Amino acid sequence: MSNLEAAPAEVACNASQTAGIEVLHPREVPLGGPRAIPVQRTVPQRQRSLIGAWCFLDRYGPVTGAAARMDVAPHPHTGLQTVSWLFSGEVEHRDSAGVHAIVRPGELNLMTAGAGICHSEVSVGSGVLHGAQLWVALPDSARDTGRDFAHHTPAPVSLPGAAVRVFLGELAGSRSPAHTFTPLLGAQIDLDTNAALDVDIDPTFEHGVLCDVGDIELGGTALTVGDLGYQGPGIATLHLRNAGPRPGRLLVLGGKPFTEELVMWWNFVGRSHDEIVTYRRLWLDGDERFGAVSGYQGRVPRLPAPPLPSTRLLPRPISDRKETG
């Protein structure tokens, strides 16, 4: 998925540690323009720009009919992996590595951009479209790796009052075979009505819990739909509860705190202003670094890069970063 904000902000990413539960509220961003699908973005924001190496999280839907039409023209990425995860609907994926795939509910689609890739995403059919699109920052040692794509359908693990689907990493005795370049966790948990679940986690990880459906609580802190609850490292259990009168659903995202400083702008993850300028120029020039998507039949052949800001893209000084707790 592309970051389609008209004036995307520079984001300097840094992990911070916190005691207790921190709640991140989403902001609404139009996907493709003012009349397109609205998405709820919780990461990045000034309050917190990373959870492990997870550096971007959009939740969208449920939407139906004409409003559910997703048509994101070919657009570039660098220095990251994209994680596509659907709750309902289908999305057609095409990329410059030659991959053509249909993203379906409960199936992981993991694209590695590495040094550069471009891809398109188009919804299929007229059903309810509902899902999440996430990005994972690649460490410096792997950010120039080659293009790749992986697919995995995790089997649900039954727990008292809950079902767990692990699409990245390991949780509740289930492990995903999908490869990541830093230690990560990604899982969907469905909770029965009035169900509580204590699940063991890696205490070296920081974790985010995204509320998708229900009245979810993390460690006794209430999350409304679209909220992301953050729990810092040093805790070995996630205390989850669905306090509402209907089944609940959430995503758990975790990872070891990412210690490398990043600069994110539009769809690029880099390390400096000059890198971002170079990526943008190469995309506008049609450079082979990003390749080309075959078979896309949308309104425009590719998304143009927005203008750069008038000032240099500089990471925020460490002293300016917000620490809580």
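The name an unreviewed UniProt entry gives the protein is Quercetin 2,3-dioxygenase, with Mycobacterium pseudokansasii as the organism. The UniProt entry for the protein carries the following text under Sequence similarities (unreviewed entry): "Belongs to the pirin family."

Some remarks on the overall build of the protein
Tallying secondary structure elements over the protein gives one helix and 27 strands in all. Burial statistics for the protein: of 325 residues in total, 56% are counted as buried. Pairs at least 24 residues apart make up 74% of the contacts formed inside the protein by residues separated by at least 6 positions.

Some thoughts on the sheet that holds strand β22 (residues 221-223)
Judged by pairing direction, the sheet is antiparallel, and its four strands sit side by side in the order β19-β24-β21-β22 without closing on themselves. In the strand order of this sheet, the two ends are held by β19 (196-200) and β22, each with one partner. With direction set aside, neighbouring strand axes in the sheet form an average angle of 25°. Where strand β21 (residues 216-218) meets β22, three bridges bridge the pair, whose relative direction is antiparallel. Considered in β22, the bridge of I216 is made with L223.

Topic: the UniProt feature "binding site: Fe cation" (unreviewed entry) in the protein
Those residues carrying the UniProt feature "binding site: Fe cation" (unreviewed entry) are H75, H77, H119 and E121 in this numbering. These annotated residues cover 47 residues of sequence, and their C-alpha atoms all fall within 13.4 Å of one another, placing them together at a single site. Here H77 lies in strand β6 (residues 71-77). Relative to the helices and strands, E121 resides in strand β11 (residues 117-124). Taking the relative accessible area as the measure of exposure, E121 reaches 4% and is therefore buried.

Describing the packing of aromatic side chains
When we look at a pair of aromatic rings, we describe it by the centre distance and by the angle of the planes. According to the stated counting rule, one finds eight aromatic pairs in the structure shown. The structure contains a cluster of three or more aromatic residues connected by ring pairs, namely W265, W266, F268, Y279, W283 and F290. Sitting above the plane of the F87 ring, R249 keeps its charged end 4.3 Å from the centroid. Sitting above the plane of the W283 ring, R302 keeps its charged end 3.6 Å from the centroid.

A word on the pattern of salt bridges
All chains considered together, the criterion is met by 14 salt bridges. The shortest N-O distance in the salt bridge between R104 and E90 comes to 3.4 Å. Of this pair, R104 sits in the loop between β9 (100-103) and β10 (108-112) while E90 sits in strand β8 (residues 90-95), and the two are 14 residues apart along the sequence. For E90, a relative accessible area of 28% translates into the label partly exposed. In the salt-bridge network here, residues are joined through shared partners; they are R59, D212 and R249.

Parameters at a glance
- Residues numbered from 1 in each chain as written.
- Predicted model: local features only at pLDDT ≥ 70, side-chain atom pairs only at ≥ 80, totals over all residues.
- Heavy atoms only, no water.
- UniProt positions renumbered as here; feature names shortened; annotations may be inferred.
- Helix = DSSP H or I, 4+ residues; strand = E, 2+ residues; numbered from the N terminus.
- Buried < 20%, exposed > 50% of the residue type's maximum accessible area, 1.4 Å probe, protein only.
- Contact = heavy atoms within 4.5 Å.
- Pairing = 2+ DSSP bridges.
- Axes fitted to C-alpha atoms, helices over the stretch in contact; angles between N-to-C directions.
- Phe/Tyr/Trp six-rings, centres within 6.5 Å; stacked < 30°, edge-to-face > 60°.
- Lys NZ or Arg CZ within 6 Å of the ring centre and 35° of its normal.
- Salt bridge = Lys/Arg side-chain N within 4 Å of Asp/Glu carboxyl O.

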